[in-house]
Amino acid sequence: MVCLKNANINKVIILETKIVKTDISNIDSNQIAELGRILSTGGLVAFPTETVYGLGANAYDDNAVQNIFKAKGRPSDNPLIVHFADVGDIKDAVLEINEKAKLLFDTFSPGPLTVILKKSEKISKTVTAGLDTVAVRIPSNPIAQALIKASGVPIAAPSANLSGKPSPTTSKHVIDDMCGRIDAIIDGGNCEVGVESTVIDLSGEIPVILRPGGITYEQICSVLPNAVIDKHILKSVSADEIPKCPGMKYKHYAPDADVTVVEGKICDVRNKITSLLYRQTGRTGVMTVGNAEYKADLVINVGEDNKAYAKNLFKVLREFDENNIDVVFAEFSYDDGYGLAVKNRLYKSAGNKVILV
Ligand code: AMP
Ligand code: MG
């Protein structure tokens, strides 16, 4: 199947995009070999990972990497994560895999973990947006693994959404955003984790978590007890600040609807949202934690706990837009574990509009 859409935003050339259905439990090796060839020869392929769908290019091909930025409309100062099939393959891309990185990779890879290390000369500054460090990750999704192996090169891949939009966790989301802008999209089912990888900077003395994600803070601390969390995770970056994670500067994960997070004990949150709904004029939506009744145009249950919230959040945010909802109130109650990753994505999708009750 192919799809074609007028993709003339940001001067992206209109392409016919192949959509390739792949069965995760029975991967067709000829099909993956062809997709790997598209990557190794400079094309762009979107593929599922255990976190979200990625938009891949050969990390050693500057032209292909630049096309990622064009296809997404991504600011060129926001670096990309480079994906490998195996820890052993990372050594060419970095100056050294230090002891802390070895420990983390041994414990959590393949999986939703990204480590920042000093880069080698083989990785160009187009990938790292001018930084001397590179973000590396080994995804566990079997389709991602097979594709990277078939390409024979490291794969630079951000999330496969238009910059600023909620990340894609189904192939439909990728088709909605990327049709006509890239060479191929692998339809490989829904993503398990639903939020992106945990990004941890190990290029300095103290391990710093720059983005919470699929591996929790508590899991990281069980291996590196002195790990700290970057202050920009839960607040906006002011104009005079330079965050360590350039992506933190930008509007992120935002649907067209105007989102407000209401955070606290769920019973208090529900009373507050009920009173807020009375004052709205546009089409209203509520994202609930478990079942709840509201007088709103669309009520979507995002799941019973923060693990389910993480898995469904981006999909639900997109559903509000598909239903032309103007204003969304998001129930949220913090806990350990996945709570931090959900809170980070939610706060950003709401532009930090948060009501604490
Ligand atoms: P995405 O590509 O959408 O998954 O986002 C990747 C995130 O990792 C962005 O927020 C980037 O700014 C961040 N990142 C990638 N490489 C580096 C690096 N070398 N140093 C700091 N942050 C990085
Ligand atoms: Mg992204």
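Refer to the structure presented above.
Residues numbered from 1 in each chain as written. Chains lettered and ligands numbered in written order. Predicted model: local features only at pLDDT ≥ 70, side-chain atom pairs only at ≥ 80, totals over all residues. Heavy atoms only, no water.

Enquirer: Where do I start with empty space enclosed by the protein in this structure?
Expert: Once rolled over the atoms, a probe with the size of a water molecule shows which space is left empty. For the structure on display, the rule yields 1 cavity of 30 Å³ or more. Counted as a void, the largest cavity has a volume near 50 Å³. Looking at the largest cavity, the residues that line it are Thr198, Ile209, Pro212, Gly213, Ile215, Thr216, Tyr217, Gly337, Leu340 and Ala341. Along the lines of polarity and charge, the residues of the lining of the largest cavity split into 6 nonpolar, 4 polar and no charged. (1 Å grid on protein atoms, 1.4 Å probe; cavity = no way out; pocket = protein on both sides within 12 Å on 5 of 7 lines; lining within 4 Å. Points joined across faces, edges and corners; volume = space filled by probe spheres on them. Nonpolar A, V, L, I, M, F, W, Y, C, P; charged D, E, K, R; others polar.)

Enquirer: Looking at this structure, how should I read the packing of aromatic side chains?
Expert: For any pair of aromatic rings, the description consists of the separation of the ring centres together with the inter-plane angle of the planes. Here the structure, examined in full by the defined rule, presents 2 aromatic pairs. For the ring pair Tyr309 and Phe332, a centre distance of 6.0 Å and an interplane angle of 80° mean the geometry is edge-to-face. Taken together, the positions of Tyr309 in helix α9 (residues 306–322) and Phe332 in strand β16 (residues 327–332) put the pair 23 residues apart, joining distant regions of the chain. Like Phe332, Tyr309 is buried. The side chain of Lys343 reaches across the aromatic face of Tyr334, ending 5.0 Å from its centre. (Phe/Tyr/Trp six-rings, centres within 6.5 Å; stacked < 30°, edge-to-face > 60°. Helix = DSSP H or I, 4+ residues; strand = E, 2+ residues; numbered from the N terminus. Buried < 20%, exposed > 50% of the residue type's maximum accessible area, 1.4 Å probe, protein only. Lys NZ or Arg CZ within 6 Å of the ring centre and 35° of its normal.)

Enquirer: How should I be thinking about the nonpolar core in this particular structure?
Expert: When a protein is soluble and globular, its nonpolar side chains tend to lie buried together. With 47 residues, the main nonpolar core has Leu55, Leu104, Phe105, Leu113, Val115, Val136 and Ile200 as its most contacted residues. Counting only elements with at least two residues in this core, the list comes to β4 (54–58), α2 (62–72), α3 (99–108), β6 (113–118), β7 (133–137), α6 (171–178) and α7 (217–223). With 5 residues, the single largest contributor to this core is α2. Membership of the second largest hydrophobic core comes to 29 residues, among which are Tyr253, Val289, Leu313 and Val316. (Core = buried A, V, L, I, M, F, W, Y, C linked by side-chain atoms within 4.5 Å.)

Enquirer: Which parts of the structure should I look at to understand the environment of Thr216?
Expert: With respect to the secondary-structure elements, Thr216 resides in the loop between β11 (208–211) and α7. Distance from Thr216 to Pro112, taken between C-alpha atoms, is 9.8 Å for residues 104 residues apart in sequence. Discounting residues that sit within four places of it in the chain, Thr216 has contacts with Gly337 and Tyr338. (Contact = heavy atoms within 4.5 Å.)

Enquirer: Just checking my understanding: could you explain the packing of α6 against α9 for this structure?
Expert: Two quantities define a packed helix pair, namely the angle between the helix axes and the distance between the axes. Two numbers describe how α6 lies on α9: the axes approach to 11 Å, and their chain directions differ by 55°. It follows that α6 is oblique to α9 by the angle criterion. Handedness of the α6/α9 crossing: left-handed. Residues Lys172, His173, Asp176 and Asp177 of α6 touch α9, and the partners they reach there are Lys315, Arg318 and Glu322. (Axes fitted to C-alpha atoms, helices over the stretch in contact; angles between N-to-C directions. Parallel < 35°, antiparallel > 145°, perpendicular 65-115°, else oblique. Left-handed = near helix turned anticlockwise from the far one by under 90°.)

Function cannot be inferred from these measures alone, as they are strictly geometric.
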